[in-house]
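Here is what each chain is made of, one letter per residue.
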Amino acid sequence: MNAATAQLIDSFRHSAPYVNAHRGKTFVIMLGGEAIQDGEYRAIINDVALLHSLGIKLVLVHGARPQIDAELAARGLEAVFHHGVRITDEPSLKVIRQVSGSLQFDIMARLSMGLSNTPMQGANINVVSGNFVIAQPLGVDEGVDYCLSGRVRRIDVEGLQQQLAKDCIVLVGPVAVSVTGESFNLTAEEVATQIAIRLKADKIIGFSHQHGLLDEDGSVISEILPGEALSYLTQHGEQICPASKAFVEACVEACRRGVPRCHLISHLQDGALLQELFTRDGIGTQIVTESAERLRRASIADIGGVLNLIRPLEEQGILVRRSREQLEMEIEQFMVVERDSLIIGCAALYPFEEDNAGEFACLVVHPDYRDADRGSLLLRHIIGQAKGRGYDRLFALTTRSIHWFLEHGFNIVDVDALPTKKKQLYNYQRKSKILMLELKDVIN
Ligand code: ARG
């Protein structure tokens, strides 16, 4: 087997947990006009088809902003905005309906392709569009009439659910009808968020010409909470394009109203959608109500995960081997760091009540996640537990990580300093260094 095939098989297997997790879930994908115009549009549509074939229920909301601007300009119609919102008069709406309708047909056509030797071969997708979104006028603000610019009044949740249950992809554009029989021009961001909120979707995914939200060094912020995302926008609002800004604001609202995860990824990077959805670390920014990573007390269900994590270190002789039975007995003394149901870190606090001391043991962080100082996080937590129990000393035995412990305030001590029970078990051949931390000295 050549390296590329081995790699393919490996990645395919690694995506299995997410294939299972996403099956039957509802995702709203927002394809802004920018992504259609400048992005890997065809590849994105092919990947959308792939998501559909994996059993994900999809609502695809498309925008048309740059296309509308271009067409209005071509016809000599002026684009007028108030507070950043377009004022849509009759002639503009005519253009908007044409542009948006034609994009909608284009997307539908692409989703219907089935040529052999293309990723769409055998896809056989039913795409439906309809009056799922009912609009109302935005109204008048500071004496300025928004005319035919509208906002969402109602969403036909049941109608949408019926189509999704029939395995259709629902395609929705930024023009919606009203009870008075008129059409209104809406923002795709609002349509996408309102649909996601009311459908109780599991995700909203949107595209940007960047890889997501970027930090000071230009690297992608992988995960951000809604409140942090808003402060990010206040601080870096100018650096990100208006479309992404609007999308992030929409995601914040969606998160706060119950959509657990929203993702911002690049439309320029081929395959970003698949990488974001089927790898643990994704590629873009996820806006989440609850971090994907949790530090919690271990339970019996974690034994397999903890064993997978510690076995390689036992094999290298870095940790003393524990049998499954032993771990079963001790599991309640463990804390674990869980990331989307994978255990990526663990540590234990063994009690030596007679000596008012504890042992910080079995600290392991998964090799792929050694960057963010999860070891210190686990130590801080265990120190807190030890102090809570009224211990005055914390011990650790190590053959390799002596400096790490010294940096964290431990001192090297002699075997005699160990709690009596631990001293009896000390392995003189292994010659582990004994480190001790005076808990009264620790402020945390
Ligand atoms: N694939 C997972 C999901 O779809 C995790 C994505 C993680 N992405 C990130 N930007 N941190 O939920």
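Residues numbered from 1 in each chain as written. Predicted model: local features only at pLDDT ≥ 70, side-chain atom pairs only at ≥ 80, totals over all residues. Heavy atoms only, no water.

Colleague: What exactly am I supposed to notice about the packing of helix α4 (residues 65–74) against helix α5 (residues 90–112) here?
Modeller: When two helices pack together, their arrangement is given by the angle between the helix axes and by the axis-to-axis distance. Taken N-terminus to C-terminus, the directions of α4 and α5 make an angle of 135°; their axes are 9 Å apart at the nearest point. Of the possible angle classes, the one that applies to α4 and α5 is oblique. When the axes of α4 and α5 are compared, the crossing they make is right-handed. Where α4 abuts α5, its residues Gln 67, Ile 68, Glu 71 and Leu 72 lie against Ser 92, Val 95, Ile 96, Val 99 and Leu 103. Classifying every residue of the contact of α4 with α5 by side-chain character gives 6 nonpolar, 2 polar and 1 charged. (Axes fitted to C-alpha atoms, helices over the stretch in contact; angles between N-to-C directions. Helix = DSSP H or I, 4+ residues; strand = E, 2+ residues; numbered from the N terminus. Parallel < 35°, antiparallel > 145°, perpendicular 65-115°, else oblique. Left-handed = near helix turned anticlockwise from the far one by under 90°. Contact = heavy atoms within 4.5 Å. Nonpolar A, V, L, I, M, F, W, Y, C, P; charged D, E, K, R; others polar.)

Colleague: I tried to follow the sheet that holds strand β9 (residues 150–155) on my own but got confused; where do I start?
Modeller: One key point about sheets: their strands pair by backbone hydrogen bonds, in either a parallel or an antiparallel sense. The strand order across the open sheet built from 4 strands is β9-β6-β11-β12, with neighbouring strands paired in mixed fashion. Each edge of the sheet is formed by a strand with only one pairing partner; in this case those strands are β9 and β12 (183–185). Averaged over all pairs of adjacent strands, the angle between their axes in this sheet comes to 55°, without regard to strand direction. Relative to β12, strand β11 (residues 175–178) is paired through 3 bridges, and the arrangement is antiparallel. By the bridge assignment, Val 175 is partnered in β12 with Asn 185. Lying over the sheet, α5 contacts β11 and β12, oriented at roughly 85° with respect to β12. (Pairing = 2+ DSSP bridges.)

Colleague: How should the packing of helix α6 (residues 157–165) against helix α7 (residues 188–199) be read in this particular structure?
Modeller: For the pair α6 and α7, interaxial distance at closest approach is 10 Å and the crossing angle is 80°. With respect to their mutual orientation, α6 and α7 come out roughly perpendicular. The segment α6 lies against α7, with Val 157, Leu 160, Gln 161 and Leu 164 engaging Ile 195, Arg 198 and Leu 199. A per-class count over the contact of α6 with α7 returns 5 nonpolar, 1 polar and 1 charged.

Functional significance is not addressed by these values, which are geometric in nature.
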